[in-house]
Amino acid sequence: LFVWRSDDPSDNLGDYFQLLMDYLKTPLLHSMEAFMLPPTHDRIRCFREALRSGPGLMVAKERAKELDFFDWDLSSVKDLAHHLNYRKKMGIEERSRWMTQWNTRGRKKVAP
């Protein structure tokens, strides 16, 4: 469902969208936990071993070299000015990852 704009300026599309989402809700037959593998499962163990192996560590090392999105001279991101203006207009801090709380280069800020 994609709503671009309404011809009537008095329409509150947010309330309409919420009404649609409430209508589409259905009860679950199983909880989310029923689909999660336990940490001791073989598949989980294999993935952990792969991430800790030589190729996994090499990928982590390469990703650590990725350019900082907010460093204009380094990254030369074409939309950076638009991106920063939008954040300033909406009152979002420059480097804030307001949903994920991820920092530069994917490092997560851990809560105190």
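Counting restarts for each chain, with residues numbered from 1 along the sequence as it is written. Totals for whole chains, interfaces and linings use every residue, but because this is a predicted model, local features are given only for residues with pLDDT of at least 70 and side-chain atom pairs only at 80 or more, for both listing and counting. No hydrogens and no water enter the side-chain calculation; it runs on all heavy atoms of the structure.

Student: Please explain the packing of helix H2 (residues 42-52) against helix H3 (residues 54-64) as it appears in this structure.
Tutor: Working note: a packed helix pair is described by the angle between its axes plus the distance between those axes. Angular values range over 0 to 180 degrees, each being the angle between N-to-C directions of two axes fitted as lines to C-alpha atoms, with helices fitted over their stretch in contact. Going along the chain from the N terminus, every DSSP run of H or I of four or more residues is numbered as a helix, and every run of E of two or more is numbered as a strand. Contact pair H2 / H3: the axes reach a minimum separation of 4 Å and the direction vectors enclose 60°. With respect to their mutual orientation, H2 and H3 come out oblique. Along its contact with H2, which presents Ala50, Leu51 and Arg52, the element H3 presents Gly54, Gly56 and Leu57. Among the residues making up the contact of H2 with H3, the classes are represented as 3 nonpolar, 2 polar and 1 charged. Oblique is the label for any angle not covered by the other classes, which are roughly parallel (under 35 degrees), roughly antiparallel (over 145) and roughly perpendicular (65 to 115). The contact criterion used throughout is that any non-hydrogen atoms of two residues lie within 4.5 Å. Throughout, the ten residues Ala, Val, Leu, Ile, Met, Phe, Trp, Tyr, Cys and Pro are labelled nonpolar, Asp, Glu, Lys and Arg are labelled charged, and all others, Gly among them, are labelled polar.

Student: Got a minute to help me understand the side chain of Arg87 in this structure?
Tutor: Tracing the backbone through its elements, the reader meets Arg87 in helix H5 (residues 80-90). Residue Arg87 is classed as buried on the basis of its relative accessible area, which comes to 9%. Between buried and exposed lies partly exposed: a residue is buried under 20% and exposed over 50% of the maximum accessible area for its type, with that area taken using a 1.4 Å probe on protein chains only.

Student: Can you help me understand the pattern of salt bridges in this one?
Tutor: Salt bridges are defined by distance alone: a side-chain nitrogen of Lys or Arg within 4 Å of a carboxyl oxygen of Asp or Glu. Per the counting criterion, the structure on display carries 3 salt bridges. Between Lys25 and Asp22 there is a salt bridge whose closest N-O contact spans 3.6 Å. As a salt-bridge pair, Arg45 and Asp42 come within 3.7 Å of each other at their nearest N and O atoms. Placement of both Arg45 and Asp42 in helix H2 is noted, with a separation of 3 residues, approximately one turn of the helix. Owing to a relative accessible area of 38%, Arg45 belongs among the partly exposed residues under this scheme. We classify Asp42 as partly exposed; its relative accessible area is 48%. Each member of the salt-bridge network shares a partner with another, and the members are Asp42, Arg45 and Glu49.

Everything listed here is a matter of geometry and, on its own, says nothing about what the molecule does.
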